[in-house]
Amino acid sequence: MNVNYMKRALELAKLGIGYVNPNPLVGAVIVKDGKIISEGYHQFYGGPHAEINAFKNTIEDVKGATMYVTLEPCSHYGKTPPCAQEIVKKGISKVVIAMRDPNPIVSGKGIKILKENKIEVIYGVLEEEAKKLNEIFIKYITEKVPFCILKTAMTLDGKIACYTGDSKWITNEFSRKYVHELRHRVSGIMVGIETVFMDNPRLTTRLKDKKGNSPIRIVVDSKARIPLDSNVLNKDLEGNTIIATTEFAQENKIKSLKEMGLDVIVTPIKDNKVDLNYLMKELGKINIDSVLLEGGSTLNYSALNEGIVDKVIFFIAPKILGGINAKTPVGGQGKEYVKDAFKLYDLKMSRFEEDFMIQGYIRKRE
């Protein structure tokens, strides 16, 4: 076994980012006589899996070869036939797997099929790297709700805008490019109505070096106050827009939104706002496996307080704005005691020229 082949499989899996949701990112490498004879990855949702693509791309007979694959081969019929059975048919003699499939209808069953057919199986190779790569899929397939990433940008003194509301631009072009990479990766992007009022954003993905997929736009608007001429409602934009509201909204406004071809989700009222946990469950039902939260300070606090956030990404620019009335990334009522703060773990820092990016995961309260 050579761990470098699994590293290559993980690199291949990344090529599917933004195109396979809500499926997992998977890469496969076939090795025979000490050399790679084929590679493949899951390229798009509903398309052939990584193992099948690797078989299609082979340059020689795979019988007796070893397959390195980042996720346990599937054992069930979905949009494609089971990969485990195909591996058996092709005469692969050994399969090295990074991680078991967390999907309850698959987990362990693919490995069982391989072993029952006398194929040597090794699993757990670069498992943590594979889990990190598929953190979105793991959350979605096990809990049926989207993986939520809270992204925000602030100055060194913790401001997301001037006291006048001006906010363009806090961070540099390199940081903003990375944000569009994030948008490309997720299924949905969420903002609050105040962000629509202040910035009138389009919430699309704009990448120069490739065509990025634009996520479904989700506007949290408890009273459906959104102007019908808002950029985010433009019918010419790629993808759809969802308005999340409550019974506070006027029926004629909801009717107008629906007549424009928009989806409207009416949630229960919680603290006079949209019930975010209810909303996330509804989004999960329509195959939205991940949400990038680009909200203002009020929505950010509500999301953290309601426990829907899994990961946070903070961009910090070397600028100082000042202003007692200038908004901070997380507003709301706030915590009364430091001991009740939202705590992070597994922190990582990156740099985009003069900007810094800090990301970490929310430690869920027991």
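As annotated in an unreviewed UniProt entry, the protein chain carries the name Riboflavin biosynthesis protein RibD and is attributed to Tepidibacter thalassicus DSM 15285. Regarding the protein chain, the UniProt comment filed under Function (unreviewed entry) reads as follows: "Converts 2,5-diamino-6-(ribosylamino)-4(3h)-pyrimidinone 5'-phosphate into 5-amino-6-(ribosylamino)-2,4(1h,3h)-pyrimidinedione 5'-phosphate."

> I keep staring at the overall build of the protein chain and nothing clicks. Help me out?
The helix and strand inventory of the protein chain stands at 11 helices and 16 strands. At 23 Å, the protein chain has a C-alpha radius of gyration in line with the 21 Å of a compact globule built from 366 residues. Projected onto the principal axes, the alpha-carbon positions of the protein chain cover approximately 70 × 45 × 45 Å. Per-residue burial over the protein chain gives 52% buried out of 366 residues. In the protein chain, the share of contacts with a sequence separation of at least 24, taken over all contacts with a separation of at least 6, comes to 71%.

> Help me understand the sheet that holds strand β3 (residues 66–71) in this model?
Within a beta sheet, neighbouring strands are joined by backbone hydrogen bonds and run either parallel or antiparallel to one another. The sheet built from five strands is open, its strands ordered β2-β1-β3-β4-β5 with mixed pairing. What marks the edges here is a single partner per strand, and that holds for β2 (35–41) and β5 (120–123). Taking each pair of neighbouring strands and ignoring which way they run, the sheet shows an average axis angle of 15°. The sheet contact formed by strand β1 (residues 27–32) and β3 spans four bridges and is antiparallel.

> Can you help me understand helix α7 (residues 173–185) in this one?
Spacing of three or four residues puts side chains on the same side of an α-helix, whose turn is 3.6 residues. Along its 13 residues, α7 runs 19 Å from first to last C-alpha, staying within 8% of the 18 Å computed at 1.5 Å per residue. When we look at burial in α7, the residues that qualify are S175, V179, H180, L182, R183 and H184. Tucked inside the fold, the buried residues of α7 contact β6 (147–155), β7 (188–192), β13 (290–293), β14 (311–317), β15 (344–352) and β16 (355–362). Put simply, N172 is the residue that caps the front of α7, since its side-chain oxygen is 3.0 Å from the backbone nitrogen of F174.

> Got a minute to help me understand the UniProt feature "binding site: substrate" (unreviewed entry) in the protein chain in this structure?
Residues given the UniProt feature "binding site: substrate" (unreviewed entry) here are S167, R183, L203, R206 and E294. Along the chain, the position of R183 falls in helix α7. Classification of R183 by relative accessible area gives buried; the value is 8%. Here R206 shows up in the loop between α8 (193–199) and β8 (216–220). Contact partners of R206, with chain neighbours within four places excluded, come to H180 and R183.

> Mind showing me how you'd approach the sheet that holds β8 here?
As summarised here, the arrangement of the nine strands in space is β10-β9-β8-β7-β13-β6-β14-β16-β15, forming an open sheet in which the pairing is mixed. For this open sheet the edge positions go to β10 (263–266) and β15, each flanked by a neighbour on one side alone. The sheet shows a mean angle of 20° between the axes of neighbouring strands, taken without regard to direction. As paired elements, strand β9 (residues 241–245) and β10 share four bridges and run parallel to each other.

> In this structure, what is going on with the domain arrangement of the protein chain? I would like to understand it.
Taken as a whole, the protein chain is organised into domain 1 (3–134) and domain 2 (144–361). On a C-alpha basis, the centroid separation for the pair domain 1 and domain 2 is 35 Å. Surface buried jointly by domain 1 and domain 2 totals about 820 Å² across both partners, of which 38% is contributed by carbon and sulfur atoms. Where domain 1 meets domain 2, there are one salt bridge. Our enumeration of links across domain 1 and domain 2 arrives at six residue pairs in polar contact (both at pLDDT 80 or more). The residue inventory of the side of domain 1 that touches domain 2, partitioned by class, reads six nonpolar, two polar and one charged.

> Hey, could you run me through the pattern of salt bridges in this one?
Opposite charge on two side chains permits them to pair, given that their charged atoms come into close proximity. Summed over all chains, the structure comprises 14 salt bridges. One salt bridge connects E39 with R8, and the closest N-O pair in it is separated by 2.8 Å. Residue E39 is located in strand β2, and its partner R8 is located in helix α1 (residues 3–14); the two are separated by 31 residues in the primary sequence. For E39, a relative accessible area of 24% puts it in the partly exposed group. Of the charged contacts in the structure, one is a salt bridge between D340 and K339, with a shortest N-O distance of 3.4 Å. With a relative accessible area of 30%, D340 lands in the partly exposed category.

> Would you mind going over helix α4 (residues 109–116) with me for this structure?
Considered for burial, the residues of α4 that qualify are G110, I111, I113 and L114. For α4, the angular spread of the buried residues around the axis is 160°, confining them to a single face. Exposed and facing more than 90 degrees away from the buried side of α4 are K112 and E116. In this structure, the buried residues of α4 make contact with α3 (83–90), β4 (94–99) and β5. Downstream of α4 by a residue or two, K118 has a phi angle that is positive, lying close to 65°.

> Can you walk me through the side chain of K151 in this structure?
Mapped onto the fold, K151 is located in strand β6. Residues contacting K151, with those up to four places away along its chain left out, are V179, L182, L292, L293, E294, I313 and F315.

> Just to check I follow, could you spell out the packing of aromatic side chains for this structure?
Two aromatic rings, taken as a pair, are described by how far apart their centres are and by the angle between their planes. Here the structure, examined in full by the defined rule, presents six aromatic pairs. Seen from their ring centres, F315 and F352 are 6.0 Å apart, and the 45° between their planes marks the pair as tilted. You can see F315 sitting in strand β14 and its partner F352 sitting in strand β15, a full 37 residues away along the chain. Comparing F315 with F352, the two get one shared label, buried. Following the ring pairs from residue to residue traces out a cluster consisting of Y178, F315 and F352. The ring of Y123 carries R100 above its face, with NZ or CZ at 4.6 Å from the centroid. Above the face of the W169 ring, K168 is positioned so that its terminal group lies 5.3 Å from the ring centre.

Quick notes on the rules
Residues numbered from 1 in each chain as written. Predicted model: local features only at pLDDT ≥ 70, side-chain atom pairs only at ≥ 80, totals over all residues. Heavy atoms only, no water. UniProt positions renumbered as here; feature names shortened; annotations may be inferred. Helix = DSSP H or I, 4+ residues; strand = E, 2+ residues; numbered from the N terminus. Rg over C-alpha atoms; globule rule 2.2 N^0.38 Å. Buried < 20%, exposed > 50% of the residue type's maximum accessible area, 1.4 Å probe, protein only. Contact = heavy atoms within 4.5 Å. Pairing = 2+ DSSP bridges. Axes fitted to C-alpha atoms, helices over the stretch in contact; angles between N-to-C directions. Expected span 1.5 Å × (residues − 1). Polar contact = N/O pair within 3.5 Å; in protein donor to acceptor, adjacent residues only side chain to side chain. Domains from an automatic or database assignment. Buried area = accessible area lost by both parts, 1.4 Å probe. Salt bridge = Lys/Arg side-chain N within 4 Å of Asp/Glu carboxyl O. Nonpolar A, V, L, I, M, F, W, Y, C, P; charged D, E, K, R; others polar. Arc of directions from axis to C-beta. Phe/Tyr/Trp six-rings, centres within 6.5 Å; stacked < 30°, edge-to-face > 60°. Lys NZ or Arg CZ within 6 Å of the ring centre and 35° of its normal.

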